[in-house]
Structures are given as structure tokens and as C-alpha cells.
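Observations on chain architecture
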Amino acid sequence: MATRSLVVVGNGMAPGRALERLFEAAPDAFKVTIFNAEPRVNYDRIMLSPVLAGEKGFEDIVIHDDAWYAERGVTLHKGRKVVAIDRAAKTVTAEDGTTAAYDELIIATGSQPFMLPVPGQTLPGVVAYRDLDDVEAMLAAARKGGKAVVIGGGLLGLEAAAGLKAQGMDVVVLHLMPHLMERQLDQAAGYLLERAIAARGITVHCKANTHELLGVDRVTGVRLDDGTIYEADIVVMAVGVRPNADLARKAGLDVNRGVLVDDRMRTSDPSIFALGECVEHRGAVYGLVAPLYEMAKVVAAQLTGDASAAYRGSVTATKLKVTGCDLYSAGDFADGPGREEIVLRDPAAGVYKRLVLKDDVIIGAVLYGDTADGPWFFDMIRQKTDVSAMRQTLIFGQSYQGGASLDPMAAVAALPDEAEICGCNGVCKGTISSIITAKGLTGLEEVRAHTKASASCGSCTGLVEQVIRLALGDAYNPAAVQPMCGCTELGHDDVRRLIRAKSLKSIPAVMQELGWKTSCGCAKCRPALNYYLVCDWPGEYEDDNQSRFVNERVHANIQKDGTFSVVPRMWGGLTSAKELRAIADVVDKFAIPTVKVTGGQRIDLLGVQKQDLPAVWADLNAAGMISGAAYAKGLRTVKTCVGSDWCRFGTQDSTGLGVKLEKFMWGSWTPAKLKMGVSGCPRNCAEATCKDIGVICVDSGYEIHFGGAAGLDIKGTEVLGHARSEAEAIEIIAALTQLYREEGRYLERIYKWAKRVGAPHIRAAVVDDREKRRSLFERFVVSQKTAQVDPWAERVAGKDAHEFKPLESIRFIQAAE
Amino acid sequence: MNTIVTGWLEVAAVEDIPVRGSRVLRSPAGDIALFRAADGVVFALYDKCPHGGGPLSQGIVHGHSVTCPLHNWVICLKSGEAQGADRGCTPNVPVRVENGRVLVRAASLVGQAA
Ligand SMILES: Cc1cc2nc3c(=O)[nH]c(=O)nc-3n(C[C@H](O)[C@H](O)[C@H](O)COP(=O)(O)OP(=O)(O)OC[C@H]3O[C@@H](n4cnc5c(N)ncnc54)[C@H](O)[C@@H]3O)c2cc1C
């Protein structure tokens, strides 16, 4: 007969396992009493999702039934929550007064779901996702049909969403971060997951900040900070868990985030163990069963007298249990010093794999789409296997060891035959491949001759070469393209063409579909991609501020001391007493140290503190001035002379045309900065012939110039063509700008682009071919519809306020603790 | 000042820092840049590039690195060390996150730690 008594508080998976071990090793050593706040036996909590989805019933997930306890003489107090531990008397007391005395005590109180502290969180219909009661509440709601909102796009939230959807509800997932499961996944994998979740009809709303839960007697909806409202018949909060350590804290045990235990799983009181999610061991708190089972083994061994049994912490692996979404992650997959990552993307198959290595050992792995190698990687993480010998092929998985390597042209191979490869001449992939086969072509020049693909601007050359390579195999070896940056093998032109061909509309989509080698790009490719997406999807693409250089992000120019300069627009170089007075007032009010007239006929205020920017802008806005975009890879200035209004040589109203051009074109983003000039006669006082685009007015109309430079390089412009009217001049200039926007590589000025593609190509498109000119012009107009918003006024009104406000200042510090 | 300063000081909510972005904390030890990477990890560095003293808080954040806005040095957010061929190191500031709040080692705010 057992002589010693063991009391267990909490009847979750961890103590369940510990008791199994204990009874195996020493069936009669203890008389066991369990208190469980939940009114039921021990069940497999991780299988609640299949129960919710209707794939299993509760009886299928029970671990220990009533008979199991009876056979072992265990007293199980169901539905009785322990509220006090008297460590001196060695007793525990439950809410209903039941007490039990112990020789050894195990605290296994698990975790508590965290509920967002927003108004309405206690309304009926708001549930967590932790136990069978929650699942039953969800199933009851689902039986009535209707709408469910799940707050939290992590493992639990997505499982809940998939389950509710399977039960026939309309489901929205609200996630605070920009992409799902940000702790496990980088942006690109998050994008894949989001796509898969959306494909099952679940709406995913990222960057959703819950403001309040609506409803009077019962929850009826969720309102976000931005005012969006989602109706809801049930709201599931799955925003994280907290170790349930209150009982231990009240009993005076050492508690930090969780109940503190040593390697023997003992708390600060030697007769009390703690076990499971409520525990903090060596600074770590766990939320998965595998480590808890390892702890359970140690507790059982300690109880049966093996004093050397020790728990030394765990590496964890997890799998998303949503049928059809294969996701596996293991170990530590954050970046860090001395860490390297290997990323493999197979866009066609929707596969993403990322390994994190340190000192030739894998320390973390994230797999999406194909998780077959998860356990293999996990094993190497735990064994600390030296992988230097198989580094090159490691990411391809176990079966590839010694096998083939991946086809680098996967992105092109995946394009359908009707995908357009050459935009200038409208040639699609299928046309190129079939002509190669039909005519036995062997190289780029022949393909150009037969199809005209890449025969115009040439920006699709890389793609055409890859199509040839696909058709001819390794026999064909094209000249290498300069990759955009270290994150990709693709050059700028290929990336642009693929963005359009595959309708890629976000940076993570580009990175995933085009097989980026890094998880979130670098300071070279991100601004370029952001520009390409802004240009190609006007009004649709959401500008990614964090992928812009500081000047474009804060709409001012950073100076070497970290202050900023501010340049308001002066249309065509014209200003007025009112504007000058406002500028003077701003200079006084904000003690701006330097005021300088720029080469672009405007006024530069230098040395403004970042936090003063919105106030400076507010005053300038009040006088009618807007941002001069002196920081933008976009339209900067239109310099003019006084023209026919005043000058005795003036042939046309050059100032008026300059103002019209600037008012029409401001706000547009271009590959690099764009400066223009309009001179009223060939004496050229506005120096229009060294600008990106210039106009020289003549008696018969307007001579349009382009491709000048007066910076690192000095170059006079070339004449593009002649316009008879102002309207025609404006149309040609806008069409030219649009062509440059569409073909220019990021940071490539007009003169470099013109040199690369050739002036005849440009002239043909924007002067000779009226139809093409018209459509370019129209595309420019469409893009201007959403581009002409004064960024200063937006920020004066509060946009991006965090950019300009430092956090609270720390002035002096008192000794803390 | 000879006071020995210990402990951690709560300086911001994690949400105050934009993802793949930064906020500046003014302190007697100089400006401190708090960063929040794409994966949510928070870092803190003195806001000075080891190269020309540029404000790292104004750079583009990618992975666990930031590119200085002045001359494109790439700095590791965790160690403060320059990456690639560049050499130099910005002191980092011990930082931790608890319940959505960012805490900074108080001693780092009074004098530049070695
Ligand atoms: C829906 C869902 C899916 C999951 N999926 C996975 C998965 O795929 N993989 C994985 O590894 N992990 C998964 N987990 C996590 C896993 O279930 C937990 O890590 C594990 O169950 C924790 O075990 P535990 O014994 O520490 O605590 P719990 O299982 O939480 O048990 C604690 C028990 O103690 C009771 N209790 C608390 N306080 C008292 C008190 N004062 N007196 C008496 N009783 C008390 C509680 O009512 C509860 O029944 C999932 C969790 C959920 C909710």
C-alpha cells in the first residue's frame, strides 16, 4: 500500500504524462489525488482543432478515462479549482473547501489565454481557444451559421478559423502584424500562408488593430482602430497565452514569468514540483507538448528517487494543423550575429524553406508547402550535426543528398505560354518557344529576327534568353545579366517584366514568386521593388514606407548632422510676397539656421529638427505651399525664364508652360530624380538643355529635348521632337516621362536609360507613333490621379506621426530596484 | 555622477515602433534607436553609425540589419557591428520585451556603456 501522498493541481497533458511514467516505474509508491478546474478527465488538448472541425469527437481525444483513474486508485476532483496551498501544513484547498494533504505536490496549472483589454471583451459570445468549453461554445455558434471573427493569426487562431469555416461560418481573421504567424514565418512565407488561407474562403486582415468589441447583450461585431467594422456572431481571441502562476505566487513560491524551477523541476519549495506550461525553466517558457513531456519524465524520475534526473531545456518544433496548409517550424529562426540563412523558394510549387545555421550547425528551420524534411532537420538541430559537408545541397532535403540541384529558371519555367515576354512587340512565351523548335533557332539574334522579341527596348532580353535556354537546354549559354542585388539572380528588367506578367502586387509576393534568396530583401532591392510596384499598379499598390529611403519616407532631405532641409514648391520658379513672408516667419519661428536659394529656383530651409517638420509644413501649407519633393526620385523642379511676358526676346510663354507642366506632373514617382526646364527662346536662360527634359520655345512652337545631365556627368540634351501647341508639348513630355517610368531601372537617370535603349526607340514611341504616345499619356494621367496628394498636408493631418515624434525623453535616472 | 544605476526602465510599447522601422529615445547618454524587425524582434543601438555618426534610426531595416542613410553602411542590429567589408561597431543597448512593453537596461541611459 502506498505510504506517501502526491497531490497534483491541474490535470492537463503534462501531469498526465508524468503520472503514466510514475505508475510504470513505481505503481504503489504514491497515493495520488488530482484537482482539476475543468470538469473532466485528461484529454489531448492539441486535438481540439480536429474536434472543432468536426473530424473527431471528444471521446476520441480522451487520454485517461475514468476507469484509468479507478484502476490506479487515483482520486480525481473534477471541476474543483485549488485556491490555496498551505506550505507549512502541506495541504491544498479547493474553492469548494475540499482539502488534501501532501508529501509531494505538483503544480501543473498550465496557461491562461490572454484576452485583449478592449471594451466589450467580457460580452457573451467572446471566447478564448483553450479548452473543450471554448470548442463547445464555438460549435454552438456555428450551428446557427453566421459570422465569426478570430482575433490573432498565429497557430491557434488559424486552426480556430479553419475549424469554424469547416463548420460553415463566414470567417475573418484579424491579425495585428503585417503578416500571419510572424513569429514563425518571414514575410514571404507569411504571404504564401495567407494565400492558402484566403483560398479556403477565409478573409485575412493584417495590420488590424482591434479597437473595441461591439454589442449590448452579446457580441455583434468588432471595430478596428481605422474604423473598419466586421459583424460577428462569435469572436474568438487567440492572441497568446500566459503561464498560470497565480496560485504558486500566492503560496510564496519564486515566480517570474512562470513558476521558477531548477533542473530537477523543483520550485523554491523542495517538496513542490512545477510542470508544464506554467513553468519557467532557465528563462524559457514553453507552449508545446514535446518539452512538457520531457519535463514530465524528469518529475516522475525524481519522485521515484532518481535524484540525478535533470531537465536541461528543449528545442521545439511545431506544425500547423490545418488540413492542406503544410507548415513546420523548429528551433530558433531569428537572425543574429554569426548566423547565416539558406532560403529555397520554389514559386511554382508554392514551397518555401529556410534554414538558419550557426557554426556549421542548423539551429532553426521553417518549411512551408513541403514539410517532409521537417523531422530530418529537427533531428539535426537537436543532435547539433555538423552540416558543412552537405551545405550546398542541405536545403533540398534528405532525398537530395548527393542528388540533383534546383533549376534556377523556375520562375520563367512556371510562366504559362500566353505570358507576355516582350511588351514592346507583344510577343508571348509560347510564340518564342514554338518558333525556336519549328525553325531550329539557336540564339538570341535569330529569335529577335523571327519574333521581334527583345528587338525594341531590349529590357526583356534576360527573359527571352531564359525562354531560349528552356527550349534548348544547357547548349545555350546567354551572357550573364547583372543581378539587381545579392538577394536575387534576376536583373532589373526581368524583375519588372515578371511583376507585370505575373501580376505581382506586393513586395512579399515578388520575393516569393521570383525566388528571392533572403527573407526580407535589402536596402538595394526593397526601394527598387517599391518603386516598380508603385509605377505598375497605380492606385492599387499600397506604398511601403519602410522600403523607402529616409528622405522619401519623411518628405524632407536628411543632412549630415541628422537635421533636415525643407523646400516648398514654387511653381515654375514663381513666388509671391505672401509666400516669402510665410517662409520668413517659419525661419524665425523655428530658428532655422540657413536659408539658401537653390539651382532649381526655389528656397531651401536647412537645419530643421525632425520633430519640427510637421509644424513647419503646417505653416507653409497655410500660405498655400506644398512639398517641393526636393528629396524625391520623382518630379523635382521645372525651371523657367520669364518668356514672352517680359522678355524682349521671348517667343512663347515659357513661365506659363513651366507652371502648367509642374502642376500637371508634380507628385509623380520616377526611377530617378526628374528635373525640367523651359526656356522662352534659344538663348536658353532656363538652361533647359542640360535637364532631364527641356523645352526650348521657338517661333513655330516648342522644341522638346531630353537626356541632359549636369551632375557627375555633363551632357547636353538631344532633341526629341517638335510640338506646335502647348497641349502637344505637354502630351509628348508626359508620354516620355511615362515611358521612362516603365522602362527605366531604379536610380537610372533619363540620359542613362536613353543611352541603353537608344533615342530612336524613344522617339518612335512618344513622337512618331501617335497611338502609342496617346496610351502612354493616358497611363500617366491615370497614375497622377492617385499621386497628387501633398505629403506634407497628410502628415500635418497626423499621418505617420510616429516618424516625427521621438519617444519620451529620459532626463535623469534614479537608481531603480 | 557616481550613482550606481541598476534595473530596467520601461521606455515604450512595442507597438510604438513601426515594423521594419525605428523610433528614437532621447537619453542623457545620447539618442538611442529602438528597432523592430519584420519578425517582431526589438533591438536597441546608440543612434550613431560607427562610420560617420549617421542616425541609424533613419535607415532601412532589413532582416536583423539596418542600412545607414548617409553612406549605406549595413549594421547588425543585435551586435551593432558593421557587416561586409566595413569595420566598426556601434554599442548596443540591452533591451527586452515584456507584456508588449520595451525595457532598456537603465545603466545604458546614463553613460555610454563600454
Ligand atoms: C487548440 C490548441 C491546439 C494546440 N496544438 C498544439 C500542437 O499542435 N502541438 C503542441 O505541441 N501543442 C499544442 N497546443 C499546446 C498544448 O496543448 C499545451 O502545451 C499543453 O496542453 C499544456 O499542458 P499543461 O499540462 O501544461 O497545461 P494544460 O493542458 O493547460 O492544463 C492545465 C489544467 O490545469 C487546470 N487548472 C488551472 N489552474 C488550476 C487550479 N488552480 N486548480 C485546479 N486545476 C487548475 C486547467 O483547468 C487545465 O485543465 C495546443 C493548444 C491548444 C489550446
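Cut-off values and rules
Residues numbered from 1 in each chain as written. Chains lettered and ligands numbered in written order. Predicted model: local features only at pLDDT ≥ 70, side-chain atom pairs only at ≥ 80, totals over all residues. Heavy atoms only, no water. Helix = DSSP H or I, 4+ residues; strand = E, 2+ residues; numbered from the N terminus. Areas by Shrake-Rupley, 256 points an atom, 1.4 Å probe, with all protein chains shown as cover. Axes fitted to C-alpha atoms, helices over the stretch in contact; angles between N-to-C directions. Parallel < 35°, antiparallel > 145°, perpendicular 65-115°, else oblique. Contact = heavy atoms within 4.5 Å. Nonpolar A, V, L, I, M, F, W, Y, C, P; charged D, E, K, R; others polar. Pairing = 2+ DSSP bridges. Near = heavy atom within 4 Å. Domains from an automatic or database assignment. UniProt positions renumbered as here; feature names shortened; annotations may be inferred. Core = buried A, V, L, I, M, F, W, Y, C linked by side-chain atoms within 4.5 Å. Buried < 20%, exposed > 50% of the residue type's maximum accessible area, 1.4 Å probe, protein only. Buried area = accessible area lost by both parts, 1.4 Å probe. Salt bridge = Lys/Arg side-chain N within 4 Å of Asp/Glu carboxyl O. Polar contact = N/O pair within 3.5 Å; in protein donor to acceptor, adjacent residues only side chain to side chain. pLDDT = per-residue confidence, 0-100. Expected span 1.5 Å × (residues − 1). Arc of directions from axis to C-beta.

Let's shift gears to the overall build of chain B. Secondary structure summary: chain B contains one helix and nine strands in total. Seen in sequence order, chain B has helices and strands lined up from the N terminus as β-β-β-β-β-β-β-β-β-α. Element-wise, carbon and sulfur atoms account for 47% of the exposed surface of chain B, whose accessible area totals about 4500 Å².

The next subject is the packing of helix 24 (residues 726-743) of chain A against helix 27 (residues 770-787) of chain A. Residue and element names in this part refer to chain A. Contact geometry of helix 24 with helix 27 gives a least axis separation of 8 Å together with a crossing angle of 75°. Considered as vectors, helix 24 and helix 27 are oriented roughly perpendicular to each other. Of helix 27, the residues touching helix 24 (which contributes Glu728, Ile730, Glu731, Ile732, Ala734, Ala735, Thr737, Gln738, Leu739, Arg741 and Glu742) are Arg770, Arg773, Arg774, Leu776, Phe777, Arg779, Phe780 and Ser783. Looking at the contact of helix 24 with helix 27 residue by residue, the class counts come to eight nonpolar, three polar and eight charged.

What follows deals with the packing of helix 24 of chain A against helix 25 (residues 750-757) of chain A. All names here are of chain A. Following both chains from N to C, one finds helix 24 and helix 25 inclined at 75°, their axes separated by 11 Å at the closest point. Of the possible angle classes, the one that applies to helix 24 and helix 25 is roughly perpendicular. When helix 24 is examined against helix 25, the residues Leu736, Leu739, Tyr740 and Glu743 are found in contact with a partner set consisting of Ile750, Trp753, Arg756 and Val757.

This next bit is on the sheet that holds strand 13 (residues 210-214) of chain A. Residue and element names in this part refer to chain A. In spatial order, the strands read 13-14-15; together these three strands make up an open sheet with antiparallel pairing. Because the sheet does not close on itself, it has two edges, and the strands there are strand 13 and strand 15 (229-231). Each neighbouring strand pair of the sheet contributes to a mean axis angle of 20°, computed without reference to strand direction. In this structure, strand 14 (residues 221-224) lies alongside strand 15, joined through three bridges in antiparallel fashion. In the sheet register, Arg223 faces strand 15, and the bridge partner there is Ile229.

All names here are of chain A. Not every one of the 32 residues close to the ligand is listed here, only the nearest: Glu38, Arg45, Arg130, Glu277 and Lys321. Going through the elements one at a time, helix 1 (13-25), strand 2 (30-36), helix 6 (155-166) and helix 9 (289-303) are the ones with two or more residues in the shell around the ligand. Take the shell around the ligand: its biggest share by element is three residues, from helix 1. Of the residues in the shell around the ligand, the class split is 14 nonpolar, ten polar and eight charged. Counting contributing residues per domain, the shell around the ligand is built from domain 1 (4-111 + 243-303) and domain 2 (126-239), each supplying no fewer than three.

Let us now look at the UniProt feature "binding site: siroheme" (unreviewed entry) in chain A. Residue and element names in this part refer to chain A. This chain's UniProt record puts "binding site: siroheme" (unreviewed entry) on Cys685. With respect to the helices, strands and loops of the structure, Cys685 is situated in the loop between strand 33 (674-679) and strand 34 (693-698). In contact with Cys685, other than residues within four places in its own chain, are Cys641 and Ser679.

Residue and element names in this part refer to chain A. Counting residues in hydrophobic clusters, the biggest one holds 72 residues, and the most contacted among them are Ile432, Val464, Val495, Val510, Trp516, Leu529 and Val566. Viewed by domain, this core spans two of them, domain 4 (409-542) and domain 5 (550-632), each represented by three or more residues. With near-sequence residues (within four places) excluded, Trp516 lies in contact with Val343, Arg345, Met484, Cys487, Thr488, Val495, Val510, Met511, Gly521, Cys525 and Leu529. By size, the runner-up hydrophobic cluster in this structure holds 53 residues, among which are Val41, Ile106, Ala245 and Val261.

Taken residue by residue, the interface counts 43 residues in chain A and 43 residues in chain B. Of the roughly 3500 Å² buried between chain A and chain B on both sides combined, carbon and sulfur atoms contribute 60%. Connecting chain A to chain B are one salt bridge. Linking chain A with chain B are ten residue pairs in polar contact (both at pLDDT 80 or more). When contributions to the side of chain A that touches chain B are tallied by element, the ones reaching two or more residues are helix 18 (525-536) and helix 19 (550-554) of chain A.

Turning our attention to the environment of Thr717(A). Residues and elements named next belong to chain A. Relative to the helices and strands, Thr717 resides in the loop between strand 37 (714-715) and strand 38 (718-723). A residue is classified by how much of its surface remains accessible, and Thr717, at 18% relative accessible area, is buried. On a C-alpha basis, the gap between Thr717 and Ala688 in space is 8.3 Å, while along the polypeptide they are 29 residues apart. Residues contacting Thr717, with those up to four places away along its chain left out, are Ala688, Thr689, Cys690, Lys691, His705, Phe706, Gly707 and Gly708. Looking at Thr717, its side chain comes within polar contact range of the side chain of His705, at 2.8 Å.

Okay, the confidence of the model for chain B next. Summary statistics for chain B give a mean pLDDT of 86 and a share of 91% for residues scoring 70 or more. Both scores are given for the predicted complex: the pTM is 0.62, the ipTM 0.85.

With that settled, the discussion passes to the side chain of Asp373(A). Considering the arrangement of structural elements, one finds Asp373(A) in the loop between strand 25 (361-368) and helix 10 (374-383). Once residues within four sequence positions are removed from consideration, Asp373(A) is found in contact with Lys353(A), Leu367(A), Phe396(A), Gly397(A) and Gln398(A).

The next subject is the pairing of strand 31 (residues 603-608) of chain A. Residues and elements named next belong to chain A. Counted residue by residue, strand 31 has six buried out of six residues, so it is predominantly covered. Summarising the sheet, strand 29 (residues 564-566) and strand 31 pair through three bridges and their orientation is antiparallel. When the sheet's bridge partners are listed, Phe564 is paired in strand 31 with Val608. As judged from the four bridges shared by strand 30 (residues 594-597) and strand 31, these two strands associate in the antiparallel manner. The partner of Lys596 across the bridge, within strand 31, is Asp604. The hairpin turn running from strand 30 into strand 31, its antiparallel successor, is five residues long, and Gln601 in that turn takes a positive phi close to 65°.

Scanning the model with the defined rule gives 55 salt bridges over all chains in all. Between Asp544(A) and Arg20(B) there is a salt bridge; the shortest N-O distance is 2.8 Å. Of the two residues, Asp544(A) is situated in the loop between helix 18 and helix 19 and Arg20(B) in the loop between strand 1 (8-13) and strand 2 (21-25); the pairing between them involves two chains. Side by side, Asp544(A) and Arg20(B) carry an identical accessibility label, which is buried. Among the ionic pairs, Arg774(A) bridges to Glu778(A), the shortest N-O distance being 3.3 Å. With Arg774(A) and Glu778(A) both in helix 27 and four residues apart, this pair spans about one turn of that helix. On the accessibility criterion, Arg774(A) (37% relative accessible area) is partly exposed. Glu778(A) gets classed as partly exposed once you look at its relative accessible area, which sits at 42%. Among the charged side chains, a salt-bridge network with shared partners connects Glu728(A), Glu731(A), Arg773(A), Arg774(A) and Glu778(A).

This part takes up helix 27 of chain A. Residues and elements named next belong to chain A. An ideal rise of 1.5 Å per residue puts 26 Å on 18 residues; helix 27 measures up with 25 Å between its terminal C-alpha atoms. For helix 27, every residue scored as buried is listed here: Arg773, Leu776, Phe777, Phe780, Ser783 and Gln784. Buried residues of helix 27, seen end-on, are gathered within an arc of 125° and therefore sit on one face of the element. Among the exposed residues of helix 27, those oriented more than 90 degrees off its buried face are Glu771 and Lys785. Against helix 23 (654-665), helix 24 and helix 26 (759-768) lie the buried residues of helix 27. Near the N-terminus of helix 27, the side chain that reaches the backbone nitrogen of Glu771, with its oxygen 3.1 Å away, is that of Asp769.

Residue and element names in this part refer to chain A. Spatially, 3-2-1-7-19 is the arrangement adopted by the five strands of the open sheet, whose pairing is parallel. A strand with exactly one partner marks an edge of an open sheet, and here the two such strands are strand 3 (75-78) and strand 19 (272-274). Between one strand axis and the next, the sheet turns through 15° on average, direction left out of account. Direction of pairing for strand 7 (residues 104-107) relative to strand 19: parallel, over a ladder of three bridges. Counted as the bridge partner of Ile106 is Phe273 from strand 19.

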